[in-house]
Amino acid sequence: MSKSGWQVGIDIGGTFTDLVALLPSTGDVRSIKVPTQRNDPVASIRAALAAAHLSAERVDDLVHGTTLVTNAIVEDRVEPVALVATAGFEDVLDIGRAGRQHLYRLDLLPRREAQVPPEHRIALAERVDFTGAAVLTPDTAAIEEVVMQAKAMGVESIAVSLLHAYANADHERSVGAALAKAFPFVSLSHEVNPETREFERTATTVLNASVMPIAARYLDRLQREVKGARLHVMHSAGGMASPEAAAKRPLSMALSGPAAGISAAASVAASLDLEKVLTFDMGGTTTDVCLILGGTAEISTDSKLAGRPVRQPMVAVESIGAGGGSLVTLGTGGLSIGPQSAGAEPGPAAYGRGGTLPTVTDANAVLGYLDPTKRLGGAISLDVAAAEAALAPLAARLGVGIVELALGVQRVANAAMVRALARVTVERGVDGRQCTLLAFGGAGPMHAARLAREFGIAEIVVPRFSSGFSALGCIVADMSYTQQQAVRLLSAQWDAARFATLHDGMLATLTAPLHSHGHGADEITVERTALVRYVGQSYAVEVPFSPPLDLERLGDDFRKRHHEIYGYATDEHWEMQSLRMRALVARRTTFGPLGVASESAVPTSVTPCWFEPTAPHPTPRYDRDRLPAGARIAGPAIVEDAWSTIVVPPGYTLSSDAMGHLWIREDAR
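Described in the following lines is the structure provided in the data block.

### Some details on the overall build of the protein
Logical step 1: Helix and strand counts for the protein stand at 16 helices and 37 strands.
Logical step 2: Taken over C-alpha atoms, the radius of gyration comes to 26 Å for the protein, in line with the 26 Å a tight globule of 669 residues would show.
Logical step 3: Burial statistics for the protein: of 669 residues in total, 53% are counted as buried.
Logical step 4: Sequence separation of 24 or more characterises 67% of the internal contacts of the protein that already satisfy a separation of 6 or more.
Logical step 5: Carbon and sulfur atoms provide 52% of the accessible area of the protein, an area that totals close to 27,700 Å².
Logical step 6: Separation between the mean location of the 60 positive side-chain charges and that of the 72 negative ones in the protein comes to 2 Å.

This is how it looks when you write it as structure tokens:
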């Protein structure tokens, strides 16, 4: 990639669109937010560029994170799809896993209704067994009949998911080639999710097909209207891809925004030599946490989105419905936070836009953490009286004061976040107390210190650009492509030739788009992870390895990792269930140190803040943009930028480094 023009990252959120731009030749950095135009995301990008005084012609690379695909799925605005399946398996979406989504709610349906209705399902007489051997090959007439049936359904998107296509995709390729001549959008299961578990594979392929028209129209318009810059799109595994690749597999953009934030966190963790990091991203509606080990985020391939299975490599983000705008309610079990939210409109009562229901943000406003004399981002005026009025009915029902209730809301919200942190650490065999907490998002730095204390974490980092971290992640992300392929080879009956064929085929597929962008083999790094399990186990353990594959070492590494997670390991035979590969070209994007004119940290004001119910503390407030490197501030203190607030409680100290990162540590007792 050229380094003569601007490198720009843009993340479109539900409320704001964030932009971070870097000019490598001079080190010039620009960071802005503009309101998202929810019905016109391309206009949001143009508005962000204009606010940063950048024309597309001055931009070399524009990397974009978007919630377009996620919102379409969550809001059920996807396109209708026809499904081609092996005869006898057309109803796999109805059969599912025979479990209930809500175990104790018998008044609710067991699971979401199948995305493809029975009248849009097409049976193809074909069969491949689990070894990949062709048992029944469809002839030309059978394939032409499939195309004719699909044409009669009046859809433009077709999903093809044939039984055992992960082991031999020849039949699926033949059907896909014929359908591609008649339909603009064809999604093939061996390209989307070449693994076992036919229900999840079929559901994922259908979901991918249903968002293909939406993504194609959006990306086509974006390329036409943002001319001059090379466009890239963030994908859910934490890297960036070409628009062409994203259009073919748009489901890979489903966690584009959160993945960009994790990409930035991994970059910061690597630059600071932090071995174990927990990310803490608290936004308006949700809080997302993720584990980063050795500068690399954990990856998951078994997720759900809006109740539908999504078998795609994605950053392993644990999300809970507890954000700044989450509603506070009182039930039989006491106070609870979310998952319902006040949303962007009207938002929390403290925003003065007509909201009347109590939220976490209202509690923070009552405690004095938010400055009512300033306009948040120059756009939102805080109304503390409205926040108090929203909390008052709950306080009256509990028989406590407003401040005591607000402190209770904080504790309940933090308790939910502690559980999320435990799920991404303890359940993965990692002691979370040894991690550094990396806090970002609009509200993350406000809760970070108290959360760290409750979880037992000693060190917190609030990184530079923390309020626009996903946009930063777009800039620092590697260009990468990830795929996971079923292998199913036993250690005692290893077929080296078959493994080599699978490995080399995946490698060629993943490196092809990188080569097409002009990157040579010497620029491409390949990461390999084996998913290994004991014979008969349901779930596999991730074991990284380097070529050439050493079976004995892989077995030893598997047993060691199995013991770390489950507390035991045996000498039983194991099998490689799947192989995950990631091909990437690293981006060496660097930001220079901050140049702050002032020589010491000088507070802009002193206001009362509540940290316990007995009495408020006189708390100095600081402008983050004016903090010099090496500054040390003893709590209680508040550090603010235009969009976020960092709370340093009593007993903590904040220090700043030359790169603009803020470190918060609890004082020694």
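### Examining helix α15 (residues 496-516)
Logical step 1: Taking 1.5 Å of rise per residue, 21 residues should cover 30 Å, and α15 covers 30 Å from first to last C-alpha, within 8% of that figure.
Logical step 2: Where α15 bends most, at Leu510, the angle is about 30 degrees, and the proline Pro513 comes one to four residues later.
Logical step 3: Within α15, the full set of buried residues consists of Phe499, Leu502, His503, Met506, Leu510, Thr511 and Leu514.
Logical step 4: Looking at where α15 begins, the residue whose side-chain oxygen comes 3.3 Å from the main-chain nitrogen of Ala497 is Asp495.
Logical step 5: Just past α15, the residue Gly518 takes up positive phi, approximately 90 degrees.

### Considerations on the state of the cysteines
Logical step 1: With the rule as written, the count across this model stands at zero disulfides.
Logical step 2: Between Cys290, a free cysteine, and Cys435, which holds the nearest cysteine sulfur, the sulfur-to-sulfur gap is 11 Å.
Logical step 3: Not engaged in a disulfide, the cysteine Cys474 finds its nearest cysteine sulfur in Cys290; these two sulfurs lie 16 Å apart.

### Quick notes on the sheet that holds strand β32 (residues 617-623)
Logical step 1: With respect to topology, four strands assemble into an open sheet ordered β31-β32-β34-β35, the strand pairing being mixed. Looking at strand neighbours, the two that pair on one side only are β31 (605-609) and β35 (645-648), the edges of this open sheet. On average, adjacent strands in this sheet sit at an angle of 30 degrees to one another, irrespective of strand direction.
Logical step 2: Across four bridges, the pairing between strand β34 (residues 637-640) and β35 is antiparallel. Directly across from Glu640, in β35, lies its bridge partner Thr645.

### So, the nonpolar core
Logical step 1: Counting residues in hydrophobic clusters, the biggest one holds 64 residues, and the most contacted among them are Leu278, Phe280, Tyr369, Leu437, Ile460 and Leu654.
Logical step 2: Considering every element that reaches this core, the biggest residue donor is helix α12 (residues 402-425), with 12 residues.
Logical step 3: Non-local contacts of Leu278, meaning those with residues more than four positions away in its chain, are made with Cys290, Leu291, Leu421, Val424, Thr425, Gly432, Cys435, Thr436, Leu437, Leu438, Phe455 and Ile457.
Logical step 4: In terms of nonpolar packing, the next biggest core, distinct from the first, is built from 39 residues, Leu68, Leu222, Met253 and Met314 among them.

### Re the pairing of β32
Regular strands place their side chains on alternate faces of the sheet.
Logical step 1: Bridging between β31 and β32 involves five bridges; their strand directions are antiparallel. Within β32, the position partnered with Pro608 by the bridge is Pro618.

### Observations regarding the sheet that holds strand β10 (residues 185-188)
Logical step 1: Taken together, four strands build an open sheet; the order of strands is β6-β5-β9-β10 and the sheet is parallel. Edge positions in the open sheet fall to β6 (121-124) and β10, since each of these has one partner strand only. Taking the axes of each pair of neighbouring strands and ignoring which way they run, one obtains an average angle of 20 degrees across the sheet.
Logical step 2: Of the pairings in the sheet, the one linking strand β9 (residues 157-161) to β10 comprises four bridges and is parallel in character. Paired with Ile158 across the two strands is Val186, which belongs to β10.

### Side note on the pattern of salt bridges
It is possible for side chains of opposite charge to pair when their charged atoms get near one another.
Logical step 1: Under the definition given, this model contains 28 salt bridges.
Logical step 2: For Arg46, the salt bridge identified is with Glu225, shortest N-O distance 2.3 Å. On the criterion of sequence distance, the pair formed by Arg46 in helix α1 (residues 41-51) and Glu225 in helix α7 (residues 198-225) is long-range, its members being 179 residues apart.
Logical step 3: Of the residues examined, Arg46 reaches a relative accessible area of 36% and is grouped as partly exposed.

### Examining the packing of α1 against α7
Helix-helix packing is described using two parameters, namely the angle between the two axes and the distance between the axes.
Logical step 1: At a closest axis distance of 10 Å, the pairing of α1 and α7 adopts a crossing angle of 30 degrees. Judged by the angle between their axes, α1 and α7 are roughly parallel. Of the two possible hands of crossing, α1 and α7 adopt the one that is right-handed. Residues Pro41, Val42, Ile45 and Arg46 of α1 form the contact with α7, whose participating residues are Tyr218, Arg221, Leu222 and Glu225.
Logical step 2: Across the contact of α1 with α7, the residue classes break down as five nonpolar, no polar and three charged.

### Observations concerning the pairing of β9
Logical step 1: Counting buried positions over the five residues of β9 gives five, a clear majority of the element.
Logical step 2: Residues Ser157, Ala159 and Ser161 of β9 are buried on one face, and the alternating residues Ile158 and Val160, pointing to the opposite face, are buried as well.
Logical step 3: Where strand β5 (residues 81-86) meets β9, five bridges bridge the pair, whose relative direction is parallel. Along β9, the bridge assignment pairs Ala82 with Ile158.
Logical step 4: For the crossover that starts at β9, traverses helix α5 (residues 170-180) and ends in the parallel β10, the hand is right-handed.

### Structural notes on helix α9 (residues 256-271)
Logical step 1: Taking 1.5 Å per residue, 16 residues should reach 22 Å; α9 reaches 23 Å between its end C-alpha atoms and fits that length.
Logical step 2: The element α9 is extensively covered by neighbouring structure, given that 12 of its 16 residues are classed as buried.
Logical step 3: Among the residues of α9, those classed as buried are Ser256, Gly257, Ala259, Ala260, Gly261, Ile262, Ser263, Ala264, Ala265, Ala266, Val268 and Ala269.
Logical step 4: Backbone geometry just downstream of α9 places Asp273 in the positive-phi region, at approximately 55 degrees.

### Regarding the side chain of Asn414
Logical step 1: With respect to the helices and strands, the residue Asn414 is situated in helix α12.
Logical step 2: At 3.2 Å, the side chain of Asn414 forms a polar contact with the side chain of His447.
Logical step 3: The residues contacting Asn414, other than those within four sequence positions of it, are His447, Arg450, Leu451 and Glu454.

### Here's the deal with the layout of surface pockets
Logical step 1: If you add up the space inside the second largest pocket, you get close to 930 Å³.
Logical step 2: Lining the second largest pocket are 41 residues, with His190, Glu191, Arg249, Gln483 and Thr509 positioned closest to its centre.
Logical step 3: Looking at which element gives the most residues to the lining of the second largest pocket, the answer is α15, with nine residues.

### Things to note about the environment of Leu421
Logical step 1: Residue position: Leu421 is located in helix α12.
Logical step 2: Each C-alpha atom, one on Leu421 and one on Val315, is 15 Å from the other, the two residues being 106 residues apart in sequence.
Logical step 3: Apart from residues no more than four positions distant in its own chain, Leu421 is found in contact with Leu278, Val289, Leu451 and Phe455.

### Notes on empty space enclosed by the protein
Leftover empty space is mapped by rolling, across the atoms, a probe with the size of a water molecule.
Logical step 1: Taken as a whole and judged by the stated rule, the model has four cavities of 30 Å³ or more.
Logical step 2: The space that makes up the largest cavity amounts to roughly 60 Å³.
Logical step 3: Every residue lining the largest cavity is listed: Ala85, Thr86, Phe89, Val92, Ser161, Leu162, Leu163, Glu198, Arg201 and Thr202.
Logical step 4: Those elements that provide at least two residues to the lining of the largest cavity are β5 and α7.
Logical step 5: Considering every element that reaches the lining of the largest cavity, the biggest residue donor is α7, with three residues.
Logical step 6: Class assignment of the residues belonging to the lining of the largest cavity gives a composition of five nonpolar, three polar and two charged.
Logical step 7: The computed volume of the second largest cavity comes to approximately 40 Å³.
Logical step 8: If you go around the second largest cavity, the residues you meet are Tyr369, Gln410, Asn414, Met446, His447, Arg450, Phe611, Val647 and Pro649.
Logical step 9: Elements supplying a minimum of two residues to the lining of the second largest cavity: α12 and α13 (444-455).

Conventions adopted
Residues numbered from 1 in each chain as written. Predicted model: local features only at pLDDT ≥ 70, side-chain atom pairs only at ≥ 80, totals over all residues. Heavy atoms only, no water. Helix = DSSP H or I, 4+ residues; strand = E, 2+ residues; numbered from the N terminus. Rg over C-alpha atoms; globule rule 2.2 N^0.38 Å. Buried < 20%, exposed > 50% of the residue type's maximum accessible area, 1.4 Å probe, protein only. Contact = heavy atoms within 4.5 Å. Areas by Shrake-Rupley, 256 points an atom, 1.4 Å probe, with all protein chains shown as cover. Lys, Arg positive; Asp, Glu negative; His and termini not counted. Charge placed at Lys NZ, Arg CZ, Asp CG, Glu CD. Expected span 1.5 Å × (residues − 1). Bend = angle between axes of the 7 residues up to and from the residue. Polar contact = N/O pair within 3.5 Å; in protein donor to acceptor, adjacent residues only side chain to side chain. Disulfide = S-S within 2.5 Å. Pairing = 2+ DSSP bridges. Axes fitted to C-alpha atoms, helices over the stretch in contact; angles between N-to-C directions. Core = buried A, V, L, I, M, F, W, Y, C linked by side-chain atoms within 4.5 Å. Salt bridge = Lys/Arg side-chain N within 4 Å of Asp/Glu carboxyl O. Parallel < 35°, antiparallel > 145°, perpendicular 65-115°, else oblique. Left-handed = near helix turned anticlockwise from the far one by under 90°. Nonpolar A, V, L, I, M, F, W, Y, C, P; charged D, E, K, R; others polar. Right-handed = clockwise from strand over helix to strand, strands pointing away. 1 Å grid on protein atoms, 1.4 Å probe; cavity = no way out; pocket = protein on both sides within 12 Å on 5 of 7 lines; lining within 4 Å. Points joined across faces, edges and corners; volume = space filled by probe spheres on them.

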